[in-house]
Amino acid sequence: MGANAKKRREPAMSGASSSTASRQQKIQAAAPKRAGGPNRIVLGAVLAVVAIIAIVAGVIVSTRGGSGGAITSHALPPGVSTMGGGLQANNTVTLVKGAPTLDLYEDFQCPICHEFEKLFGAQIRSQASAGKVKLNYHVLNFLDSRSPNESSTRAALGAFCAADQGKFEAYHDQVYANQPQQEGAGWTDAQLKSYAQNVGLNTSTWQTCVKDKKYQKYLDAVQQQAAKGGVTGTPTIKLNGKIIDLQGLTPASLDKAIADATK
Amino acid sequence: MTTTQEPVTRDGSRVSPRVPDAIGLVARLVLGVTLIYAGLIKAGHLLDSARAVLAYQIFPWEIAKPIGYVLPMLEIVLGVLILVGFFTRPVAVIISLLWIAFILGISQAWMRGLQIDCGCFGGGGALTAGEKPGYFWEVARDVGLLLLSAWLVWRPRSLVSIDKALYG
């Protein structure tokens with residue numbers, strides 16, 4: 001072994017004079033040195049705790065800043081039986097025996113929902129008014145992020161307030177008929193109010209309902225319920241709880257599906 | 001014994017640490033800015049963040065929701081730590097795991113033909129299809145970011161970092 005090797009080896013066994021102290025000195029001298037600095041384990045633990053506190057605090061602050069605050073109304077629009085449940089548009093119609101439940105998940109800003117309504121809307125309505133299906137609307141607002149003015153939410157609140165006066169579907173159709181060419185442009189407050197006028201609502205009652213955000217909590221609950229039900233986009237259609245594949249759906253196949261689901 | 005300022009490697013050769021350290025710094029900057037930005041844009045919209053996780057159809061809502069709610073803040077915290085170079089190696093390990101999770105998530109969505117990040121997406125047939133999602137570029141981007149964080153796992157030393165200030 002050369003001098004180099006000896007130099008690099010820990011001289012643990014060298015020398016006859018090894019008292020424990022000097023042996024330890026030599027071990028420490030030869031051991032790879034961490035240049036001072038705070039104890040890593042303690043620092044790491046502190047950092048982990050601070051990080052977790054920061055994350056939890058961030059979540060709490062973000063969720064509180066949502067639609068909390070002064071909105072206290074837990075009211076449900078007519079046609080809704082549970083908080084977060086769908087709005088049954090034909091709740092005044094007597095259903096035929098064994099009528100299946102048809103759940104429509106739509107966002108007012110969604111162009112594909114508009115397409116769906118154009119293709120299947122009338123058919124679904126006539127089935128509903130004949131009592132052949134229990135028709136539930138679930139209004140989603142995830143496209144709020146596509147517009148600068150939370151148009152999905154505002155249109156939804158307008159529609160629920162229209163439901164107060166028995167005009168949910170009429171208002172719903174007005175909004176879709178006036179979907180902007182450019183997705184994300186949304187609607188102004190004035191436009192939403194004009195739809196209320198168009199369907200013959202008492203606008204001051206409607207306006208108060210909207211301004212007070214009477215159905216905001218209900219709308220929020222609908223989002224949670226929809227997510228729990230695995231709905232990740234719109235339009236989503238469920239027949240008796242099962243999602244219908246929209247690929248290749250035709251008016252005839254939809255009629256057949258509804259008939260088949262009628263027990 | 002050498003008398004130069006440069007560190008000596010095990011086999012006695014002299015290697016300048018400058019270039020790899022500089023790479024480390026660049027990696028930290030890119031990762032830090034990317035993560036902080038990604039966290040900030042989601043930070044005010046935790047419900048949307050959770051819905052985005054749900055859209056990958058891996059977890060039910062009960063699990064997707066907490067993941068989605070925590071993810072933005074987690075990204076910000078990791079981004080800050082890697083940016084300042086504090087506990088670089090462990091943080092880089094966590095970040096690498098994050099990229100791997102994203103890559104796996106996007107890849108399985110791609111393979112299953114899910115359509116995500118298209119706003120509202122419709123089926124084909126009687127309806128017009130939604131936009132085509134850009135899975136390939138998302139995966140490519142995350143692979144690139146994974147390479148950067150993997151570098152820092154392998155070699156956490158970099159210029160201008162708190163690790164360096166504390167521990168040299």
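Residues numbered from 1 in each chain as written. Chains lettered and ligands numbered in written order. Predicted model: local features only at pLDDT ≥ 70, side-chain atom pairs only at ≥ 80, totals over all residues. Heavy atoms only, no water.

> How should a nonpolar patch on the surface be read in this particular structure?
Nonpolar side chains collect at one region of the surface, where I58, F59, I63 and I67 of chain B lie side by side and expose about 310 Å² of accessible area between them. The exposure class of I58 of chain B is partly exposed, given its relative accessible area of 44%. (Patch = residues over 30% accessible without salt bridge, like charges linked within 9 Å, V, L, I, M, F, W, Y side chains within 5 Å. Areas by Shrake-Rupley, 256 points an atom, 1.4 Å probe, with all protein chains shown as cover. Salt bridge = Lys/Arg side-chain N within 4 Å of Asp/Glu carboxyl O. Buried < 20%, exposed > 50% of the residue type's maximum accessible area, 1.4 Å probe, protein only.)

> Whenever I open this one, the nonpolar core confuses me. Can you help?
Side chains of nonpolar character tend, in soluble globular proteins, to be buried together. F108, F116, I124, F160, F168, Y171 and W206 of chain A are the most contacted members of the largest nonpolar core, which has 54 residues in total. The greatest single-element share of this core, amounting to eight residues, is contributed by helix α5 (residues 151–163) of chain A. By size, the runner-up hydrophobic cluster in this structure holds 22 residues, among which are I55 of chain A together with L31, L35 and L71 of chain B. (Core = buried A, V, L, I, M, F, W, Y, C linked by side-chain atoms within 4.5 Å. Helix = DSSP H or I, 4+ residues; strand = E, 2+ residues; numbered from the N terminus.)

> Help me out: how do you make sense of the state of the cysteines in this one?
The bond known as a disulfide is covalent and runs between the sulfur atoms of two cysteines. All names here are of chain A. Applying the stated criterion across every chain yields a total of one disulfide over all chains. With its sulfur 1.8 Å from that of its partner, C161 forms a disulfide with C209. One disulfide, between C161 and C209, carries an S-S torsion of -75 degrees and so falls in the left-handed class. With C161 in helix α5 and C209 in helix α8 (residues 203–211), this residue pair connects regions lying 48 residues apart in the sequence. Both residues of the pair, C161 and C209, count as buried. (Disulfide = S-S within 2.5 Å.)

> I tried to follow the sheet that holds strand β2 (residues 101–107) of chain A on my own but got confused; where do I start?
Strand pairing in a sheet takes place through backbone hydrogen bonds and is either antiparallel or parallel in direction. Residues and elements named next belong to chain A. Spatially, β1-β3-β2-β4-β5 is the arrangement adopted by the five strands of the open sheet, whose pairing is mixed. Two strands lie at the open edges of the sheet, namely β1 (87–88) and β5 (242–243), each paired on one side alone. Bridging between β1 and strand β3 (residues 134–140) involves two bridges; their strand directions are antiparallel. Counted as the bridge partner of L87 is Y137 from β3. Contacting β1, β2 and β3, helix α6 (residues 168–177) crosses the sheet at an angle of about 50 degrees to β3. Contacts from helix α9 (residues 216–228) reach β1, β2 and β3 within the one sheet, and its direction differs from that of β3 by about 100 degrees. (Pairing = 2+ DSSP bridges. Contact = heavy atoms within 4.5 Å. Axes fitted to C-alpha atoms, helices over the stretch in contact; angles between N-to-C directions.)

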